[in-house]
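# Structure assessment
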Amino acid sequence: MSPHSLGPGSVRSASEVNEEIRALWLRAGGSLSAQERAEYELLVVEWAAAIRGAVIEAA
């Protein structure tokens, strides 16, 4: 699933985003193209937001 396929306000869990990051690295064979690097960077930002959201909920 691409980060662009979610509607506004939709939030995936950190574990869901982490699975997509892992899948990206597997597909890329450990070496990211420029396009894959851009996708990876978006996923990392999404993952970090999900982690922050989980921490705030726990507090």
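You'll find the structure just up there.
In this convention, every chain numbers its residues from 1, walking through the sequence in written order. Residue-level local features of this predicted model are given only where pLDDT is at least 70; pairs of side-chain atoms are given and counted only at 80 or more, and the full residue set underlies all totals for whole chains, interfaces and linings. Each side-chain value is worked out from all heavy atoms of the structure, with water and hydrogens disregarded.

## Observations regarding the packing of aromatic side chains
Worth spelling out the cut-off: Each pair of aromatic rings taken from Phe, Tyr and Trp, with Trp reduced to its six-membered ring, is defined by centres within 6.5 Å and is described as stacked if the planes are under 30 degrees apart, edge-to-face if over 60, and tilted in the remaining cases. The helix and strand labels rest on DSSP assignments: H or I over at least four residues marks a helix, E over at least two residues marks a strand, and numbering proceeds from the N terminus. For every residue, the accessible area (1.4 Å probe, protein chains only) is compared with the maximum for its type, and the residue is labelled buried under 20%, exposed over 50%, or partly exposed between those bounds.
Counting across every chain of the model gives 1 aromatic pair. Taking the centre distance of 5.5 Å and the plane angle of 80 degrees together, the rings of Trp25 and Tyr40 count as edge-to-face. Here Trp25, found in helix H1 (residues 14-28), pairs with Tyr40, found in helix H2 (residues 34-58); they are 15 residues apart in sequence, far enough to count as distant. A relative accessible area of 21% places Tyr40 in the partly exposed class.

## Here's the deal with the pattern of salt bridges
For clarity, the cut-off: One speaks of a salt bridge when a side-chain nitrogen belonging to Lys or Arg is within 4 Å of a carboxyl oxygen belonging to Asp or Glu.
All told, the structure shown has 3 salt bridges when counted by the stated rule. Where Glu46 meets Arg12, a salt bridge forms, and the shortest distance between an N and an O atom there is 2.8 Å. Separated by 34 residues along the polypeptide, Glu46 in helix H2 and Arg12 in the segment before H1 bring together distant segments of the chain. With a relative accessible area of 17%, Glu46 lands in the buried category. Overlapping salt bridges, with partners in common, bring together Arg12, Glu20 and Glu46 in one network.

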